[in-house]
Amino acid sequence: MNRKYSYLACITAMAGWFTCASTAVAGDPGDPRLTAASPEPACNSLTMASTGGPTMNDKHTLLIRWMGFTNYELVYGDKVILLDQWYDRAGTQYKDLGFSPSDVTRADLMVVGHPHYDHMADTAQVGFQTHAPIIGAPLTVGKLATQGITAPQAITVTGMGGEVLDYSNLGFTITPILARHGEPPAFTNAFSAAYVAAAPVPTPSEAGALATIKARGSSSSLITAQGTIAYIFTFSNGFKLAWRDSGGVMTQFEKDALAAAGPVDVLLGAVAANIIAESQATILLPMLETYRPAVYIPGHHEEEVGGKVDRATEPLFQYAKNEFPGMITISKGFKEPVCFDTQKNLAHGYPSHNGYTGSRGSNKNLEEWGHF
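Every value quoted in this text rests on a predicted model; they were computed, and no experiment measured them. (Residues numbered from 1 in each chain as written. Predicted model: local features only at pLDDT ≥ 70, side-chain atom pairs only at ≥ 80, totals over all residues. Heavy atoms only, no water.)

Asker: Which parts of the structure should I look at to understand the overall build of the chain?
Answerer: Along its length, the chain carries 10 helices and 14 strands. Of the contacts formed within the chain by residues at least 6 apart in sequence, a portion of 68% connects residues at least 24 apart. When the accessible surface of the chain is summed, it comes to about 15100 Å², and 55% of that surface belongs to carbon and sulfur atoms. (Helix = DSSP H or I, 4+ residues; strand = E, 2+ residues; numbered from the N terminus. Contact = heavy atoms within 4.5 Å. Areas by Shrake-Rupley, 256 points an atom, 1.4 Å probe, with all protein chains shown as cover.)

Asker: How should the packing of helix H9 (residues 277-291) against helix H10 (residues 314-323) be read in this particular structure?
Answerer: Geometry of a packed helix pair, given as the angle between the helix axes and the separation of the axes. Relative orientation of the contacting elements H9 and H10 amounts to 45°, with a least axis distance of 9 Å. By the angle class used here, H9 and H10 are oblique. In this structure, H9 crosses over H10, and the sense of that crossing is right-handed. Residues Ala-277, Glu-278, Gln-280, Ala-281, Leu-284, Leu-285 and Leu-288 of H9 form the contact with H10, whose participating residues are Pro-315, Leu-316, Tyr-319, Ala-320 and Glu-323. A class-by-class count of the residues in the contact of H9 with H10 yields 9 nonpolar, 1 polar and 2 charged. (Axes fitted to C-alpha atoms, helices over the stretch in contact; angles between N-to-C directions. Parallel < 35°, antiparallel > 145°, perpendicular 65-115°, else oblique. Left-handed = near helix turned anticlockwise from the far one by under 90°. Nonpolar A, V, L, I, M, F, W, Y, C, P; charged D, E, K, R; others polar.)

Asker: Please clarify how the sheet that holds strand S12 (residues 295-299) should be interpreted in this entry.
Answerer: The pairing of strands in a sheet comes from backbone hydrogen bonds and takes either a parallel or an antiparallel form. The strand order across the open sheet formed by 7 strands is S7-S8-S9-S10-S11-S12-S13, and the pairing between neighbours is mixed. Since the sheet does not close on itself, it has two edges, and those belong to strand S7 (165-167) and strand S13 (328-329), each with one partner. Inspection of the sheet shows strand S11 (residues 266-270) paired to S12 by 5 bridges, in the parallel sense. Paired with Leu-267 across the bridge in S12 is Tyr-296. Each of strand S9 (229-235), strand S10 (240-244), S11 and S12 touches H9; the most contacted strand, S11, lies at about 150° to it. (Pairing = 2+ DSSP bridges.)

Asker: Looking at this structure, I do not really get the pattern of salt bridges. What am I missing?
Answerer: Once the charged atoms of two side chains with opposite charge are near each other, the side chains can pair. Applying the stated rule across the entire model yields 11 salt bridges. A salt bridge links Asp-88 to Arg-216; the shortest N-O distance between them is 3.1 Å. Of this pair, Asp-88 sits in the loop between strand S3 (79-83) and strand S4 (109-111) while Arg-216 sits in the loop between helix H6 (204-214) and helix H7 (223-226), and the two are 128 residues apart along the sequence. Across the pair Lys-364 and Glu-367 runs a salt bridge, and its minimum N-O distance is 3.3 Å. Taken together, the shared-partner salt bridges connect Asp-88, Asp-122 and Arg-216 into one network. (Salt bridge = Lys/Arg side-chain N within 4 Å of Asp/Glu carboxyl O.)

Asker: Sorry, what's going on with the side chain of Arg-65 here?
Answerer: Within the fold, Arg-65 resides in strand S1 (residues 61-66). Overall, Arg-65 belongs to the buried group, its relative accessible area being 0%. Within the local environment of Arg-65, its side chain forms a polar contact with the backbone oxygen of Thr-47, the two atoms lying 3.3 Å apart. (Buried < 20%, exposed > 50% of the residue type's maximum accessible area, 1.4 Å probe, protein only. Polar contact = N/O pair within 3.5 Å; in protein donor to acceptor, adjacent residues only side chain to side chain.)

Asker: What am I meant to see in unusual backbone geometry here?
Answerer: A negative phi holds for most residues other than glycine; trans holds for most peptide bonds. Cis geometry is found at the peptide bond from Ala-151 to Pro-152, where omega equals 10°. Relative to the assigned elements, Pro-152 resides in the loop between helix H4 (138-145) and strand S6 (154-156). Residue Arg-292 is not a glycine yet carries a positive backbone phi of 50°. Residue position: Arg-292 is located in the loop between H9 and S12.

Asker: What am I meant to see in the nonpolar core here?
Answerer: Grouped burial of nonpolar side chains is what soluble globular proteins tend to show. With 35 residues, the main nonpolar core has Ile-64, Phe-233 and Leu-268 as its most contacted residues. Not counting the four nearest positions on each side in its chain, Leu-268 is found in contact with Ile-64, Tyr-72, Leu-74, Leu-83, Leu-241, Ala-242, Trp-243, Arg-244 and Ile-297. One finds Ala-42, Leu-63, Tyr-87 and Met-120 within the second-largest nonpolar core, a separate group that totals 27 residues. (Core = buried A, V, L, I, M, F, W, Y, C linked by side-chain atoms within 4.5 Å.)

Asker: Help me understand the pairing of S11, please; the structure alone is not making it clear to me.
Answerer: The side chains of a regular strand alternate between the sheet's two faces. With respect to burial, S11 is a largely interior element, 5 of its 5 residues being buried. Side chains Val-266, Leu-268 and Ala-270 of S11 all project onto a buried face; the interleaved residues Leu-267 and Gly-269 project onto the opposite face, where all are buried too. Note that S10 and S11 share 4 bridges and pair parallel. Bridged to Leu-241 within S11 is Val-266. Handedness of the crossover joining S10 and S11 through helix H8 (residues 252-261): right-handed. (Right-handed = clockwise from strand over helix to strand, strands pointing away.)

Asker: Would you mind showing me how to read the pairing of S10 here?
Answerer: The element S10 is largely enclosed, with a buried count of 5 among its 5 residues. Strand direction decides the pairing type here: S9 and S10, joined by 4 bridges, are antiparallel. In the sheet register, Tyr-231 faces S10, and the bridge partner there is Trp-243. Connecting the antiparallel pair S9 and S10 is a turn made up of 4 residues, with Gly-238 showing a positive phi of about 100°.

Asker: Mind showing me how you'd approach the confidence of the model for the chain here?
Answerer: The predicted coordinates ought not to be read in detail in places where the model reports low pLDDT. Overall, the prediction assigns the chain a mean pLDDT of 90, with 90% of residues at 70 or greater. Low pLDDT (under 50) marks residues 19-27, which in the prediction has 30 contacts with non-local residues, meaning those over four places away or in another chain. (pLDDT = per-residue confidence, 0-100.)

Asker: Teacher, can you tell me more about the packing of aromatic side chains here?
Answerer: The way to describe two aromatic rings as a pair is by their centre distance and the angle between their planes. Counting across every chain of the model gives 14 aromatic pairs. Look at Trp-66 and Phe-334: their rings are 5.1 Å apart centre to centre, the planes differ by 40°, and that puts the pair in the tilted class. Taken together, the positions of Trp-66 in strand S1 and Phe-334 in the loop between S13 and strand S14 (338-341) put the pair 268 residues apart, joining distant regions of the chain. Between Phe-239 and Phe-340, the ring centres sit 6.2 Å apart and the planes meet at 50°, which makes this aromatic pair tilted. Of this pair, Phe-239 sits in the loop between S9 and S10 while Phe-340 sits in strand S14, and the two are 101 residues apart along the sequence. (Phe/Tyr/Trp six-rings, centres within 6.5 Å; stacked < 30°, edge-to-face > 60°.)

Written out as C-alpha cells, the structure is:
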C-alpha cells in the first residue's frame, strides 16, 4: 500500500509536520474519513488533560487545545500548561465550553497574556486548585494579589528584554515580550450597536453572572501599553511556539524582539476586534510578518456577548496565504486537539510549506484601507 499519506499530514498536505500514525492509507488524502487515527489517545479526545484526560505517551508530541477567546491548553509529554484562564460561563449568554473551572485540577504552569476578565477571570481559582506557578505582567499579578495569589506562586514579567524563564523541567524556556493590546477603530461601535439591537436582552440573572465574572479581571487603561505580554516558548529540541493574546498593532519593540528571536513554528495569535475582515487583516498581516510562523492558529475570534459578533477566520486565512503562500492555517472547535511532532521544526531545517503548488490571489484590495 502507498505510505505517502499519514494522519493530519493528509489533511494539511504537510507531509508529516503533525504527529502521524504509521498506518498505511489509501484513497483521497484530503478526506479525513480515509486517514489513519493518531496512536495518541490525547490526540483523539475532547477531554482536557487539565480535567483528567490523557497526556502524551510520546515525549516529543505537543498537543494544543483552544477553549474560546485566547484560552489554550498545551500538553507536552506528561506536562500541562494553561494559557489564559477564563472558563466560567455558567448562567451567561456565552457558549458552553463543556467544563467548569472546578473541573480544572491539573496544571504544571499557567501563563496570562493580559488581565482583562476574558483572559484571567478563573486564574486565581485554578491557581488555588493546581498550585501551579502563574506568569503575568505587573497589572496581572497585582489583580491576582487581590484574590489571594501572591509570590512565589505569582511570577511577574515585564517583557522589556533580558527575561528568559527556564522551565527545562517542562521541556522549554519562555521569553516574554511586551506587546500592545488591540484598539478597535471607531466604526466598530456602530456594529456593536446593531448587535445589541438584534440580540436578546440578558435576564437580570445573566447580567449579574457576567458582572461577577468581569469583576475578576482588570479594566485598567494601562493594559493597552503596559499590561499585554506575548510569549515565545522555545523547546529543548528547537521547536518554537509563540502566543499573543490580543490583536494589537506591532510596535517597533516587538518587531525588533522577533527579528532577534527568529521565525516560529506555531503562532497562537489573536484576531483583532475590527469586525470587518479587511480591517482585521491590516492588523493580522503585520503580526504574521513579525512572527513568521509556519503554522497559524487564530484566537479571540469568538463572539463578545453584547459587543462583537463571531469573526470568520476563512477570509483572514485567505489574506494570510496570499501574502505567505507556504503558511498552514488551522481553526478548530472548543477542546479539539491539534498535535505536533516538535522534532520536525524550522530550527532543524524542516520546511514551512502547506504542500500546495500554483499561484494565489493578490491582496491589492487592502491598499484601499490605507495600510498596504
